[in-house]
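Letter by letter, the chains look like this.
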Amino acid sequence: MQKPPQVHEFALKETSPNIGAGTFTGDKLSCTYDLVEQMQYLYVRVVKAKDLPAKDITGSLDPYVEVKLGNYKGLTKHFEKKSNPEWNQVYAFSKDRIQASVLEVIVKDKDVVSDDFVGRVWFDLNEIPKRVPPDSPLAPQWYRLEDRKGDKAKGELMLAVWKGTQADEAFPDSWHSDAAMVSSDGVANIRSKVYLSPKLWYVRVNVIEAQDLVPTDKSRYPEVSVKVNLGNQILRTRVSHIKTINPMWNEDLMFVAAEPFEEPLILTVEDRVGPNKDEVLGRCMIPLHVVQRRLDHKPVNTRWHNLEKHVIVEGEKKEIKFASRIHLRVCLDGGYHVLDESTHYSSDLRPTAKQLWKPSIGVLEVGIINAQGLMPMKTRDGRGTTDAYCVAKYGQKWIRTRTIVDSFVPKWNEQYTWEVFDPSTVITVGVFDNGHIHGGDKSGGSKDSRIGKVRIRLSTLEADRVYTHSYPLLVLHNSGVKKTGELHLAVRFTSSSFINMLFRYSMPLLPKMHYIHPLSVIQLDSLRHQAMQIVAMRLNRAEPPLRKEVIEYMLDVDSHMWSMRRSKANFFRIMKVLGGLIAFGRWFDQICNWKNPITSILIHVLFIILVLYPELILPTIFLYLFLIGIWNFRWRPRHPPHMDTRLSHADAAHPDELDEEFDSFPTSRSSDMVRMRYDRLRSIAGRVQTVIGDMATQGERFQSLLSWRDPRATTLFITFCLIAALVFYVTPFQVVCLLLGFYVLRHPRFRQKFPSFPLNFFRRLPARSDSML
């Protein structure tokens, strides 16, 4: 069952970009930037000035510097009443956009009406030196200021001017001529940055018991439970089955916490005194930084904590300490990996505790070269525009490229490196439109829009090979799947130890604690959601912020939501997997029915050899698998995986199915629409229910062979088993196999159209389906 070819528009394309240090003559690009194209920039570092003359009537000076190259101007901040200012700002002018032959650096005096000219320094672009990393940075020099006529003026300016590439250390923090139209407030939002996810821990709270509680109403049995909250996470134990002032629970509650631990663990003991009415019997607070950290499954020590109670006396809160106590076992579980992304696309599988980390197996390098054919994501001044940037996530390290303003073909040419600890991990690269350049909510929109993303599984990459491909950026909308452009990447996975990497394939995917003390699926889903919220909140507080909508898209926050399209796609994936077994069954049926007599005779000969020499069975099977693997080597995948619209059933999804997928939860659609969708879901669920029921029926029939549910059938079966045991005891095993094989492979003229006796017998066996309501 072969998958239909993907539409060419949505396919992966191999490219040949001009990358690598070896492709350049003369200046050699730094080896750290060998996966991206070289971009030439003119750098100007404005350091400071001294002895500037006063220009105002008051005798003061408010100096700033204007760096001017053709139509582009970069302005430093201005200082009030200072003749020896220090700026230390860097300006980068893209060589592709330079249309002048002279660079002017002008010192001006900030004024209310018009700014006064103080002095200038100018440079001929042909005389400016080149700098190639890893050379040391160019030392700034003092330059004497000139007036408009070229005569010497009072004051000096310290500058460094050089030509370089994006590999220069000054590049990330420099002002770019590409961002000339961006307001000073928005410049921080367009720079490239590296972010680190907070270190996440699972917090295990084992609530054991409480002692000497003091309920207000002593005439009734207390119904006591414990509410535990950590930040915005709230969990509650069940009501104790011991309804006394010394209740017991012995329940485990799990939370997610991030370093540094800002929120304490708060436990509240509550008595259910009425419907939706709880009385607080005591409260205790535990700071997480004093909690014991464990690396394995050995239990930590329990502790008694005093419960405190607050009462209101004449409008003031007073604290009453009394003898009530709660018995707890609290620990930070460092032996687990805290999942903050979908398990199918996980980029990190290491346990929280660093002591349990294995050495790295290699390095992943990604060059984000450019994008092509991007769609307009918003309108500005009456025309469509896009301000694109990329975000890549692998392990704890997130990177964000600089924003290329107002371009449908942005060129980033930035390169990043990650340590790799497991080959069975996935790097995710997303492309977004920056909605916060021009004042955010005022005119640019309050959210960064999704343009698309790419996932690459490292285990599908050959070591030390540079993959240069243009990946389609696909986004699913209510109107269907849309290609929003192409992202051009260069990827290289370098293995530090081939043996070490192969050894990883024998290790469990997750840390040992996940197998020794497994967490339930519901627990993992809930904890994953909490972990994602913590990561989104922390990175949203960085400067510039990595916004919540970006984090949620990168971490697939909605991947667990049900959709008709995904259900169909997964069904056809199962059918494709089973397609191999079905194809083998058809082939064997053709052998049995002698469709090709020569093949059937060869199978008979092979069957006789294997029966007479049973020791050849396993070697033959493994040799056959080896030969299939060698044969398939010719058609091995040559490209990394990418988003597949056919596999996702995105290009043929019904509009109503897409509308249902993008509907809010709970639904916002009309009752008639919901009723129609509910009926459709019931019909599909009915088919699924029937298939699952049929599978259960076959299993129960096997059980009823010996269960005496049908006494006659069981009698027949055990009688057959006794006779078969006696026959097989006296008959050589090879003879039995030969007779059975010849019976199965018999010629069609010896076959009947009716089902065989064993099949008829099996189908008559009782199942538990007749006991269901």
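Here is what the cut-offs are and how they apply
- Residues numbered from 1 in each chain as written.
- Predicted model: local features only at pLDDT ≥ 70, side-chain atom pairs only at ≥ 80, totals over all residues.
- Heavy atoms only, no water.
- Helix = DSSP H or I, 4+ residues; strand = E, 2+ residues; numbered from the N terminus.
- Expected span 1.5 Å × (residues − 1).
- Contact = heavy atoms within 4.5 Å.
- Pairing = 2+ DSSP bridges.
- Axes fitted to C-alpha atoms, helices over the stretch in contact; angles between N-to-C directions.
- Parallel < 35°, antiparallel > 145°, perpendicular 65-115°, else oblique.
- Nonpolar A, V, L, I, M, F, W, Y, C, P; charged D, E, K, R; others polar.
- pLDDT = per-residue confidence, 0-100.
- Buried < 20%, exposed > 50% of the residue type's maximum accessible area, 1.4 Å probe, protein only.
- Polar contact = N/O pair within 3.5 Å; in protein donor to acceptor, adjacent residues only side chain to side chain.
- Salt bridge = Lys/Arg side-chain N within 4 Å of Asp/Glu carboxyl O.
- Left-handed = near helix turned anticlockwise from the far one by under 90°.
- 1 Å grid on protein atoms, 1.4 Å probe; cavity = no way out; pocket = protein on both sides within 12 Å on 5 of 7 lines; lining within 4 Å.
- Points joined across faces, edges and corners; volume = space filled by probe spheres on them.
- Disulfide = S-S within 2.5 Å.
- Phe/Tyr/Trp six-rings, centres within 6.5 Å; stacked < 30°, edge-to-face > 60°.
- Lys NZ or Arg CZ within 6 Å of the ring centre and 35° of its normal.

### Quick look at helix α3 (residues 521–540)
Moving on, step 1. Here α3 is 20 residues long and its end C-alpha atoms lie 28 Å apart, about the 28 Å a rise of 1.5 Å per residue gives.
Moving on, step 2. Turning to α3, the residues buried within the fold contact β11 (193–196), β12 (200–211), β14 (233–236), β15 (248–258), β25 (397–400) and α4 (548–554).

### Observations regarding the sheet that holds strand β1 (residues 13–14)
Moving on, step 1. One open sheet holds the five strands; their spatial order is β1-β29-β30-β21-β26, and the pairing between them is antiparallel. Of all strands in the sheet, those with a lone pairing partner are β1 and β26 (411–420), marking the two edges.

### Overview of the packing of helix α5 (residues 564–592) against helix α6 (residues 597–612)
Moving on, step 1. Between α5 and α6, the shortest axis-to-axis distance is 8 Å and the interhelical angle comes to 95°. In terms of axis orientation, α5 runs roughly perpendicular to α6. Where α5 approaches α6, its residues W587, Q590 and I591 are matched on the opposing element by T599, S600 and I603.
Moving on, step 2. The class makeup of the residues in the contact of α5 with α6 is three nonpolar, three polar and no charged.

### Concerning the confidence of the model for the chain
Any residue range with low pLDDT should be treated as having predicted coordinates unsuitable for detailed reading.
Moving on, step 1. When pLDDT is averaged along the chain, the result is 83, and 92% of the positions lie at 70 or above.
Moving on, step 2. Ignoring residues within four places in sequence, the model shows residues 21–31, a span with pLDDT below 50, making 15 contacts including any to other chains.

### Side note on the environment of V466
Moving on, step 1. Mapped onto the elements, V466 comes out in strand β29 (residues 466–477).
Moving on, step 2. Sequence separation of V466 and A490 is 24 residues, and the distance between their C-alpha atoms is 6.5 Å.
Moving on, step 3. Not counting residues up to four positions away in its chain, the partners in contact with V466 are I19, L35, V491 and R492.

### So, unusual backbone geometry
Moving on, step 1. A cis geometry characterises the amide bond from E259 onward to P260, with omega recorded as -10°.
Moving on, step 2. By the secondary structure assignment, P260 is in the loop between β15 and β16 (265–274).
Moving on, step 3. At D556, a position not held by glycine, the phi torsion is positive, near 55°.
Moving on, step 4. Inspection of the secondary structure puts D556 in the loop between α4 and α5.
Moving on, step 5. For D556, a relative accessible area of 10% translates into the label buried.
Moving on, step 6. A positive phi angle is found at W708, which is not glycine, with a value near 60°.
Moving on, step 7. In this fold, W708 is placed in the loop between α10 (671–703) and α11 (711–730).

### Observations concerning the side chain of S225
Moving on, step 1. With respect to the secondary-structure elements, S225 resides in strand β13 (residues 224–230).
Moving on, step 2. Since its relative accessible area comes to 5%, S225 is described here as buried.
Moving on, step 3. In this structure the side chain of S225 is engaged in a polar contact, spanning 3.5 Å, whose partner is the side chain of R236.
Moving on, step 4. In contact with S225, other than residues within four places in its own chain, are R236, T237, R238, V239, W249, T268, V269 and E270.

### Observations concerning the pattern of salt bridges
A side chain with one charge can pair with a side chain of the opposite charge if their charged atoms come near.
Moving on, step 1. Under the criterion given, the structure shown has 33 salt bridges.
Moving on, step 2. For R220, the salt bridge is made with D271, and the minimal N-O distance between the two is 2.8 Å. Within this pair, whereas R220 is found in the loop between β12 and β13, its partner D271 is found in strand β16, the two being separated by 51 residues in sequence.
Moving on, step 3. For R220, a relative accessible area of 23% corresponds to the partly exposed category.
Moving on, step 4. Its relative accessible area of 0% is what places D271 among the buried residues.
Moving on, step 5. With a closest N to O distance of 2.7 Å, E486 and K483 form a salt bridge. Across the pair, exposure class does not vary: E486 and K483 are buried alike.
Moving on, step 6. A cluster of three or more residues bridged by salt bridges with shared partners is formed by R204, D252, R294 and D333.

### Quick notes on the packing of α6 against helix α12 (residues 733–744)
Moving on, step 1. Interhelical geometry of α6 versus α12 gives an angle of 160° and a closest axis separation of 9 Å. The angle between α6 and α12 places the two elements in the roughly antiparallel class. Note that α6 runs across α12; the crossing there is right-handed. Residues H604, F607, I608, V611 and L612 of α6 form the contact with α12, whose participating residues are Q734, C737, L738, G741 and F742.
Moving on, step 2. For the contact of α6 with α12, the class distribution of residues is seven nonpolar, three polar and no charged.

### Some thoughts on the layout of surface pockets
Moving on, step 1. By volume, the second largest pocket amounts to about 840 Å³.
Moving on, step 2. In terms of lining, the second largest pocket is formed by 35 residues, of which the most central are L349, R350, P351, L356 and W357.
Moving on, step 3. Looking at the lining of the second largest pocket, the elements with two or more residues in it are β26 and α2 (513–516).
Moving on, step 4. Counting residues per element, the lining of the second largest pocket draws most heavily on β26, at three residues.
Moving on, step 5. Across the lining of the second largest pocket, the residue classes tally to 16 nonpolar, eight polar and eleven charged.

### Digging into the pairing of β26
A regular strand places its side chains on the two faces of the sheet in alternate fashion.
Moving on, step 1. For β26, the buried fraction is high: seven of the ten residues fall into the buried class.
Moving on, step 2. Here strand β21 (residues 362–372) pairs with β26 via eight bridges, running antiparallel. Each bridged residue has a counterpart across the sheet, and for E365 the counterpart in β26 is T417.

### Structural notes on the sheet that holds strand β24 (residues 388–394)
Across a sheet, paired strands are connected by hydrogen bonds in the backbone, their directions being either parallel or antiparallel.
Moving on, step 1. The strand order across the open sheet built from five strands is β11-β25-β24-β27-β28, with neighbouring strands paired in antiparallel fashion. Edge positions in the open sheet fall to β11 and β28 (449–457), since each of these has one partner strand only. Across the sheet, the mean angle from the axis of one strand to that of its neighbour is 20°, orientation sign disregarded.

### Things to note about α12
Moving on, step 1. Along its twelve residues, α12 runs 17 Å from first to last C-alpha, staying within 8% of the 16 Å computed at 1.5 Å per residue.
Moving on, step 2. Those residues of α12 that are buried are in contact with α6 and α11.

### Thoughts on the state of the cysteines
Among covalent bonds in proteins, the disulfide is the one between the sulfur atoms of two cysteines.
Moving on, step 1. This structure, assessed with the given rule, holds zero disulfides.
Moving on, step 2. C331 carries a free sulfur, and the closest cysteine sulfur to it, the one in C284, is 16 Å from it.

### Regarding the packing of aromatic side chains
Moving on, step 1. Enumeration according to the criterion identifies 16 aromatic pairs in this entry.
Moving on, step 2. Relative to Y43, the ring of Y41 has its centre 6.2 Å away and its plane inclined at 45°; by these criteria the two rings are tilted. Neither residue differs from the other here; Y41 and Y43 are each classed as buried.
Moving on, step 3. Between F607 and F742, the ring centres sit 6.2 Å apart and the planes meet at 75°, which makes this aromatic pair edge-to-face. Linking F607 in helix α6 with F742 in helix α12, this pair joins segments that are 135 residues apart in sequence.
Moving on, step 4. F742 sits in the partly exposed class, given a relative accessible area of 36%.
Moving on, step 5. Chaining the aromatic ring pairs together yields one cluster made of Y41, Y43, W162 and F171.
Moving on, step 6. Against the face of F79 rests K82, its NZ or CZ located 5.0 Å from the ring centre.
Moving on, step 7. Positioned above the aromatic ring of F633, the side-chain terminus of R636 is 4.0 Å from the ring centre.

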